[in-house]
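What follows is the residue order along each chain.
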Amino acid sequence: PPTAADASPTPVGKEEALKDVQAQLQQEASQNPDDPNSFYNLGNVYAAQGKFREAVEEYKKAVGKNPKDFEALTRLGDAHLTLGQHDEAIDAYRRALGVNPRHGEARFKLSEAYGKAGRTAEAEQERAEAQRLLPNETAKQLLRANKVLEAIAELQKVAAKNAETYVLLGDARMKADQKDEAV
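Since the structure is predicted, the reported quantities are computational estimates derived from the model, not experimental observations.

A. Region of the structure containing the overall build of the chain. Helix and strand counts for the chain stand at eleven helices and zero strands. For the chain, the N- to C-terminal ordering of α and β elements is α-α-α-α-α-α-α-α-α-α-α. Taken over the C-alpha trace, the chain has a radius of gyration of 22 Å; the compact-globule value for 183 residues is 16 Å, which it surpasses by more than 25%. Within the chain, the proportion of its 183 residues that are buried is 37%. When contacts within the chain are restricted to residue pairs at least 6 apart in sequence, those whose partners lie at least 24 apart make up 42%. Carbon and sulfur atoms make up 49% of the accessible area of the chain, which totals about 10900 Å².

B. A look at unusual backbone geometry. Residue N146 is not a glycine yet carries a positive backbone phi of 60°. Note on placement: N146 falls in the loop between α8 (137-144) and α9 (148-157).

C. Quick look at the packing of aromatic side chains. Applying the stated criterion across every chain, the model contains one aromatic pair. Judged by centre distance (6.0 Å) and plane angle (50°), the rings of Y40 and Y59 are tilted. Residue Y40 is found in helix α2 (residues 36-48), and its partner Y59 is found in helix α3 (residues 52-65); the two are separated by 19 residues along the sequence.

D. Seen up close, the nonpolar core. Judged by nonpolar contacts, the single largest core of 30 residues is most densely connected at Y59, Y93, L110 and A113. Formed by ten residues, the second largest nonpolar core is a distinct cluster that contains V148, A151, L168 and L169.

E. Geometry of α9. Those residues of α9 lying buried are V148, A151, I152, E154 and L155. Down the axis of α9, the smallest arc covering the buried residues is 165°, so these residues share one side. Opposite its buried face, α9 presents the exposed residues L149 and K157, each directed more than 90 degrees away. Those residues of α9 that are buried lie in contact with α7 (120-133), α8 and α10 (163-175).

F. Structural view of the confidence of the model for the chain. With 93% of its residues at a pLDDT of 70 or more, the chain shows a mean pLDDT of 88. Of all helices and strands in the chain, the one with the weakest mean pLDDT is helix α1 (residues 14-31) (80), whereas helix α5 (residues 86-99) scores best (98). Residue range residues 1-11 is modelled with pLDDT below 50. Its contacts to residues more than four positions away, or to other chains, number zero contacts.

G. Examining the pattern of salt bridges more closely. Scanning the entire structure with this criterion turns up 14 salt bridges. Between E58 and K61 there is a salt bridge, with its nearest N and O atoms 3.3 Å apart. Placement of the pair is E58 and K61 together in helix α3, with a separation of three residues, close to one helical turn. For K61, a relative accessible area of 40% translates into the label partly exposed.

Analysis parameters
- Residues numbered from 1 in each chain as written.
- Predicted model: local features only at pLDDT ≥ 70, side-chain atom pairs only at ≥ 80, totals over all residues.
- Heavy atoms only, no water.
- Helix = DSSP H or I, 4+ residues; strand = E, 2+ residues; numbered from the N terminus.
- Rg over C-alpha atoms; globule rule 2.2 N^0.38 Å.
- Buried < 20%, exposed > 50% of the residue type's maximum accessible area, 1.4 Å probe, protein only.
- Contact = heavy atoms within 4.5 Å.
- Areas by Shrake-Rupley, 256 points an atom, 1.4 Å probe, with all protein chains shown as cover.
- Phe/Tyr/Trp six-rings, centres within 6.5 Å; stacked < 30°, edge-to-face > 60°.
- Core = buried A, V, L, I, M, F, W, Y, C linked by side-chain atoms within 4.5 Å.
- Arc of directions from axis to C-beta.
- pLDDT = per-residue confidence, 0-100.
- Salt bridge = Lys/Arg side-chain N within 4 Å of Asp/Glu carboxyl O.

Set out below in structure tokens:
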């Protein structure tokens, strides 16, 4: 008969796993205080736990060690935005775009931050630039929200259509039961 030692271990829950990783990263950060990666990773763990204030502090430490860390700056902006700290989010996203000005997703996030801060003109300007860099992104978001007809309309408006545009348009038309137009 099987014994307790033969039983497979109980899977550790996500929360427990995150706590274990958090403890490990805290130890790494204290042992290697000049390494921005430990702080960045710890910020990601805090964000996954919904501890955005703590995440902000860790991302700030990572950026302090490497001011050109695009990912840390973007995540810092995300955490600030989640906390409703719009001006801080705008600053972080602008700094990230200073490192990589052609990153369309960061431009969409900056547009969102401007919008939430009530800075409509700047939000529209950043959104236009983001759409230029990622012409299909709005349609993708609409498709994820199952707003198929709106996605089709958005894809038809794309000026610089590329292969992805046509694939998305075909898929959307199939979902909308517009099979003849999908081909």
